[in-house]
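# Chain and residue survey
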Amino acid sequence: MKINIRRFNKELSNVSTITKYEVNNTNLLKALIEIKEEIDSSLSFRCGCKSGVCGSCAVKVNGVERLACKVFIKDDDLIEPLKNIEIIKDLIVNVSHETFLINKTKSYINKNSNKEIKQENIEKIDLQSNCILCNSCFSSCPVYDVKDSFIGPFALSRALRYVNDEKLESNDEIISSIQTDGIWDCTLCSACTLVCPQGIDPKADIMQLQNISVQKGYTNPNFQNFSFDFNDDFGGGFNPNGF
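Below is a short write-up of the structure. (Residues numbered from 1 in each chain as written. Predicted model: local features only at pLDDT ≥ 70, side-chain atom pairs only at ≥ 80, totals over all residues. Heavy atoms only, no water.)

### Topic: the sheet that holds strand β2 (residues 17-22)
Counted only if it meets this: Here the rule is simple: two strands pair whenever DSSP picks up at least two bridges between them. Helix numbering and strand numbering both begin at the N terminus, where a helix is a DSSP run of H or I of at least 4 residues and a strand a DSSP run of E of at least 2. The angle between two axes is taken between their N-to-C directions and runs from 0 to 180 degrees, where each axis is a line fitted to C-alpha atoms and a helix contributes only its stretch in contact. By definition, residues are in contact when any of their heavy atoms lie within 4.5 Å.
A sheet is described by the order of its strands in space; here five strands give the open sequence β2-β1-β5-β3-β4, paired in mixed fashion. Lying at the two open borders of the sheet, with one neighbouring strand each, are β2 and β4 (64-67). Within the sheet, the average angular offset between the axes of one strand and its neighbour, ignoring direction, is 35°. In this sheet, β4 lies alongside strand β3 (residues 58-61) in antiparallel orientation, the contact comprising four bridges. Looking at β4, one finds that K60 is bridged to E65. Of the strands in this sheet, β1 (2-7), β2, β3 and β5 (78-80) touch helix α1 (residues 28-39), which is tilted by about 90° from β2.

### Observations concerning the nonpolar core
Which entries qualify depends on this criterion: Here the nonpolar core consists of buried residues drawn from Ala, Val, Leu, Ile, Met, Phe, Trp, Tyr and Cys, with membership extended through side-chain atoms lying within 4.5 Å. Exposed residues in this analysis have more than 50% of their type's maximum accessible area, buried residues have under 20%, and partly exposed residues fall in between, with area computed by a 1.4 Å probe over protein chains only.
Among the nonpolar cores identified, the biggest contains 53 residues, and I5, L28, L32, I79, L156, I178 and L209 are the most heavily contacted of them. Residue assignment for this core shows that the elements contributing at least two residues are β1, α1, β3, α4 (136-140), α5 (153-163), α6 (172-177) and α8 (202-215). With seven residues, the single largest contributor to this core is α5. Not counting residues within four places of it along the chain, the set of residues in contact with L156 comprises F150, I151, I178, G182, I183, I206 and L209.

### Thoughts on the environment of K70
Inspection of the secondary structure puts K70 in the loop between β4 and β5. Separated by 29 residues in sequence, K70 and T99 have C-alpha atoms that sit 26 Å apart. What K70 contacts, discounting residues up to four positions off in sequence, is N27, S51 and G52.

### Some remarks on the packing of helix α2 (residues 97-104) against α5
For clarity, the threshold we go by: Between 65 and 115 degrees an angle is taken as roughly perpendicular, under 35 as roughly parallel, over 145 as roughly antiparallel, and anywhere else as oblique. Helix crossings are classified by the rotation of the near helix relative to the far one: an anticlockwise turn of less than a right angle makes the crossing left-handed, while a clockwise turn makes it right-handed. Any residue outside Ala, Val, Leu, Ile, Met, Phe, Trp, Tyr, Cys, Pro, Asp, Glu, Lys and Arg is labelled polar, Gly included; the first ten of those are nonpolar and the last four are charged.
One way to put it is that α2 packs onto α5 with a least axis distance of 9 Å and a crossing angle of 40°. Overall, the two elements α2 and α5 adopt an arrangement that is oblique. Judged by the sense of rotation from one axis to the other, the crossing of α2 with α5 is right-handed. Contacts between α2 and α5 pair H97, E98, L101 and I102 from the former with F154, A155 and R158 from the latter. A breakdown of the residues in the contact of α2 with α5 according to their chemical character gives four nonpolar, one polar and two charged.

### Points about unusual backbone geometry
Glycine aside, a negative phi is what most residues show, and trans is what most peptide bonds show. Unusually for a residue other than glycine, N62 sits at a positive phi of about 50°. Along the polypeptide, N62 turns up in the loop between β3 and β4. Assessed through its relative accessible area of 43%, N62 is described here as partly exposed. Phi is positive for N84, close to 70°, though the residue is something other than glycine. Summarising the element assignment, N84 is placed in the loop between β5 and β6 (87-89). The exposure class of N84 is partly exposed, given its relative accessible area of 27%.

### Here we look at the packing of aromatic side chains
Our working rule: Within 6.5 Å between ring centres, the rings of Phe, Tyr and Trp (the latter by its six-membered ring) count as paired, and their orientation is classed by plane angle as stacked under 30 degrees, edge-to-face over 60, tilted in between. A ring has a charge above it when a Lys NZ or an Arg CZ is no more than 6 Å from the ring centre and no more than 35 degrees off the ring normal.
Under the criterion given, the structure shown has three aromatic pairs. The interplanar angle of 40° and the centroid separation of 6.1 Å between the aromatic rings of F138 and F154 together place this pair among those described as tilted. Taken together, the residues F138 in helix α4 and F154 in helix α5 connect sequence positions 16 residues apart. With respect to class, F138 is no different from F154; both count as buried. Linked through ring pairs, F138, Y144, F150 and F154 together constitute an aromatic cluster. Positioned over the ring face of Y162 is R161, at 4.1 Å from the centre of the ring.

### Regarding α8
In an α-helix, one full turn covers 3.6 residues, which means residues spaced three or four apart are oriented alike. Basically, it comes down to this: Here, expected helix span is obtained from the residue count minus one, scaled by 1.5 Å. As used here, the arc belongs to the directions running from the helix axis to the C-beta atoms.
Taking 1.5 Å as the rise per residue, α8 with 14 residues should run 20 Å; its terminal C-alpha atoms sit 20 Å apart, in good agreement. Residues of α8 that are buried include every one of P202, D205, I206, L209, Q210, I212 and S213, and no others. Buried residues of α8, viewed axially, fall in a sector of 165°; they line one side. On the buried face of α8, the contacting elements are α3 (119-129), α5, α6 and α7 (191-195). Positive phi shows up at G217, right after α8, with a value of about 100°.

### Observations regarding the side chain of E98
For clarity, the threshold we go by: This count recognises Lys and Arg as positive and Asp and Glu as negative, with His and chain-terminal groups excluded. The term salt bridge refers to a side-chain nitrogen of Lys or Arg lying within 4 Å of a carboxyl oxygen of Asp or Glu.
As for its position among the elements, E98 is in helix α2. Despite its burial, E98 remains without a salt bridge, the nearest opposite charge being carried by R46 at 7.5 Å.

Purely geometric stuff here, so don't read any function into it on its own.
Structure, rendered in structure tokens:
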């Protein structure tokens, strides 16, 4: 079976190339290891646990973000590095933005509420706590094509996790931090939800954050210049009955 891998080495060229390899393994990560050990030792990729827990082996397979350790490949599949992230070499991307975005959203316990934590409190934040920072959602997000300052799906899901955390004394700082370049810039397209290997739904999380923000007095800045005068449109010139 032959697979195509998009390769990039900025020390050699500013242009990526596609190299075809013939492999025996159908599991993508095993195929990459096979290439590295038996065919081309210069191929670079990242992996860790090899069991879908660490998220470090995320790549694009035929344009869709997948964990290499969990996907089985077919003949002539195209393997590429994640999108929207600086490529270091071949399939390895720079993930330093993770710490920056988490700090930007203030998603951590800065002051403990000292409340008694019940099982229902734990269950409320359980799903978002399962994020493995694989960056699949980050790569799939179309907003980054036009706005690289966008906070993005995984950071906003993490924000919701701490907004709902009863151990946090106040979530006001988190809510404030996601108003600009955050929840209102999301197109709610579900691209992030479709590729999450953990079953997290960043779109639904962002919608929850929008609702919480409105309850706290924030408004969608995209609607600030929108006005509607019922009397002008209905009481004046326009009649919905057509006469």
